[in-house]
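Residue-level listing of the chains:
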Amino acid sequence: MTSSPTATPQNPSAHPNPGFAGNNSTADLRAAIDRSFALTVERLKELVAIPGIAWPSFDRGPLEHSAEAVAELLRGAGLDNVQILACDKPDGTPGGPAVVARRPAADGKPTILLYAHHDVQPTGDPALWETEPFTAVEKDGRLYGRGAADDKAGIMAHVAAYAAVSEVLGSALGLGVTFFFEGEEEAGSPTFRSFLEENRKLLRADVIVVADSSNWKVGIPALTTSLRGLVDGTIEVQVLKHAVHSGMYGGPVLDAPTLLSRLIATLHDDEGNVAIEGLLARDTAAVDLPEEDYRADASVLDGVRLAGSGSIASRLWTKPALSIIGFDAPSVDAASNTLLPRARAKFSLRLAPGQIPEEAMEAVRRHVESNAPFGARVTFTPGESGNPFLTDTSSPAASLAMWALGEAWGVPAVETGIGGSIPFIADLTELYPDVQILVTGVEDPDSRAHSANESLHLGDFRKAILAEALLLARINEQGL
């Protein structure tokens with residue numbers, strides 16, 4: 001997601017006008033957030049300083065420290081019922097520590113669950129960072145550091161919004177609020193489903209706000225209304241029982257890397273569209289991206305033609321996208337003059353909303369097995385899968401969220417899709433089929449989540465806090 005919309009964004013005036021607050025209460029919430037904003041940023045800097053990485057190859061100590069720091073933040077916000085919980089993985093090792101805190105709802109009031117995650121990605125090559133990754137640095141209105149945007153800012157947005165609403169509404173706040181801050185999202189949420197099943201009653205809510213997405217651009221807020229699903233796996237091609245001399249035997253038989261490359265080439269048509277039969281694809285995005293902005297944000301080299309057909313936004317959000325993300329073959333420096341007997345590649349396929357992952361996986365299998373080049377032996381091994389997500393934009397919660405975003409930013413909010421996947425949302429919808437899920441976020445196209453020099457726009461961060469505070473106050477006053 002990036003760049004300015006070229007279609008008309010949603011108009012917040014089309015959504016219900018929240019009578020609760022009027023201008024006075026909105027001003028009171030804004031003032032409360034402004035008074036504590038410097039402290040909010042300092043608390044965020046303290047969280048950034050903790051390198052909590054949930055990958056098995058990293059020390060678990062900082063991850064547990066991160067959970068303790070988040071739990072202390074919630075206690076400081078007035079929550080008494082704060083727990084650090086975890087489930088074991090199938091191999092018996094502990095999953096990432098999640099922080100859960102609850103404020104029970106008053107009679108007749110709904111409950112809202114506020115989700116974010118406190119674990120972060122590894123830093124990658126330190127030489128690519130312009131600042132120390134785990135030392136948050138303010139520069140030109142942005143806060144730089146690993147996790148500054150993804151997703152410790154999501155945690156602080158939830159905590160700061162709740163604190164502002166508590167201060168302004170006082171005893172009039174009857175809304176139930178549950179905080180759920182996961183500790184293993186960047187590692188693929190391996191115990192998320194088990195955690196939900198074990199704590200199903202504890203986490204039950206009427207609305208779930210997942211603060212782990214992005215706004216349209218700096219200055220224009222967005223509600224993420226669709227996410228692509230995901231399947232991945234490996235494709236292996238074998239042509240010989242063992243390697244042979246390329247001079248003695250080359251010519252009548254092609255080596256495995258060449259044949260695998262020919263097979264990979266069948267996965268897209270000449271325009272670059274995914275060419276696997278049975279996959280859903282729609283050109284239905286409500287807004288679009290200028291090509292020059294997409295090229296700049298995706299760092300596309302001059303002269304490289306964009307792949308696929310239809311609008312760029314649809315190619316990102318509502319059509320499948322297939323990439324080869326790994327390839328097993330000898331390195332150039334270690335290559336010898338032999339015909340290689342086998343080669344293997346890993347694919348990652350993003351799915352359009354509405355696509356059933358199991359059907360997509362089977363479609364890939366059929367395609368690669370029916371397109372084996374020169375009769376080579378093809379072995380398909382399925383990997384992970386995750387469901388796509390589509391918001392019911394007519395729901396009361398979505399309407400209120402669009403209003404709150406527009407009110408906080410002072411411009412209409414945009415309904416957008418995301419090309420990426422958040423597979424655990426499918427678990428939420430399955431276990432809580434009646435819940436209204438809102439996907440929001442504090443990032444923007446310049447945040448560089450997962451990359452070097454990750455950063456957060458502090459001006460939009462303040463507005464994101466206000467938008468959530470308005471949403472909480474409105475649901476408290478009106479219900480759903």
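Right above here is the structure, for reference.
Residues numbered from 1 in each chain as written. Predicted model: local features only at pLDDT ≥ 70, side-chain atom pairs only at ≥ 80, totals over all residues. Heavy atoms only, no water.

1. Concerning the environment of Gly174
Positionally, Gly174 belongs in the loop between α3 (152-169) and β6 (176-182). Its relative accessible area of 9% is what places Gly174 among the buried residues. As a C-alpha pair, Gly174 and Arg103 span 71 residues in sequence and 9.0 Å in three-dimensional space. Apart from the residues within four sequence positions on either side, Gly174 is in contact with Pro104, Ala105, Ala106, Lys109 and Asn476. (Helix = DSSP H or I, 4+ residues; strand = E, 2+ residues; numbered from the N terminus. Buried < 20%, exposed > 50% of the residue type's maximum accessible area, 1.4 Å probe, protein only. Contact = heavy atoms within 4.5 Å.)

2. Describing the sheet that holds strand β18 (residues 455-457)
Judged by pairing direction, the sheet is antiparallel, and its three strands sit side by side in the order β4-β5-β18 without closing on themselves. Looking along the sheet, the strands with just one partner apiece sit at the ends: β4 (137-139) and β18. Recorded for the sheet is a direction-independent mean angle of 25 degrees between the axes of neighbouring strands. Here helix α12 (residues 458-478) sits on the sheet in contact with β4, β5 (142-144) and β18, set at roughly 65 degrees to β18. (Pairing = 2+ DSSP bridges. Axes fitted to C-alpha atoms, helices over the stretch in contact; angles between N-to-C directions.)

3. Quick look at the sheet that holds strand β9 (residues 229-238)
What the four strands build is an open sheet, ordered β11-β13-β9-β14; its pairing is antiparallel. Strands at the two margins of the open sheet, each flanked by one partner only, are β11 (321-328) and β14 (377-386). Within this sheet the neighbouring strands show an average axis-to-axis angle of 20 degrees, counted without direction. Together, β9, β11, β13 (342-351) and β14 form the strand contacts of helix α6 (residues 256-265), whose direction differs from that of β13 by roughly 20 degrees. Contacts from helix α9 (residues 357-370) reach β9, β13 and β14 within the one sheet, and its direction differs from that of β14 by about 165 degrees.

4. Section: the pairing of strand β17 (residues 436-443)
The buried count for β17 comes to eight of eight residues, which makes it a mostly enclosed element. The side-chain alternation of β17 yields two buried faces, one formed by Gln436, Leu438, Thr440 and Val442 and the other by Ile437, Val439, Gly441 and Glu443. As defined by bridge partners, strand β7 (residues 207-214) adjoins β17 across seven bridges and the pair is classed as parallel. Bridging from a neighbouring strand, Val209 pairs with Leu438 of β17.

5. Remarks on the nonpolar core
Residues Ile112, Phe179, Phe181, Leu438, Leu456 and Phe461 are the most contacted members of the largest nonpolar core, which totals 69 residues. Beyond its immediate stretch of four places on either side in the chain, Phe179 contacts Leu74, Leu79, Val99, Val100, Ala101, Leu114, His158, Val159 and Tyr162. Counting residues in each nonpolar core, the second largest holds 27 residues, with Cys87, Leu203, Ile208 and Tyr432 among its members. (Core = buried A, V, L, I, M, F, W, Y, C linked by side-chain atoms within 4.5 Å.)

6. As for the packing of helix α2 (residues 61-76) against α3
Relative to each other, α2 and α3 sit at 15 degrees, their axes nearing to 11 Å. One way to sum up the angle between α2 and α3 is to call them roughly parallel. Viewed along their axes, α2 and α3 form a crossing whose handedness is right-handed. Contacts from Ser66, Val70, Leu73 and Leu74 of α2 reach α3 at Lys152, Ile155, Met156 and Val159. (Parallel < 35°, antiparallel > 145°, perpendicular 65-115°, else oblique. Left-handed = near helix turned anticlockwise from the far one by under 90°.)

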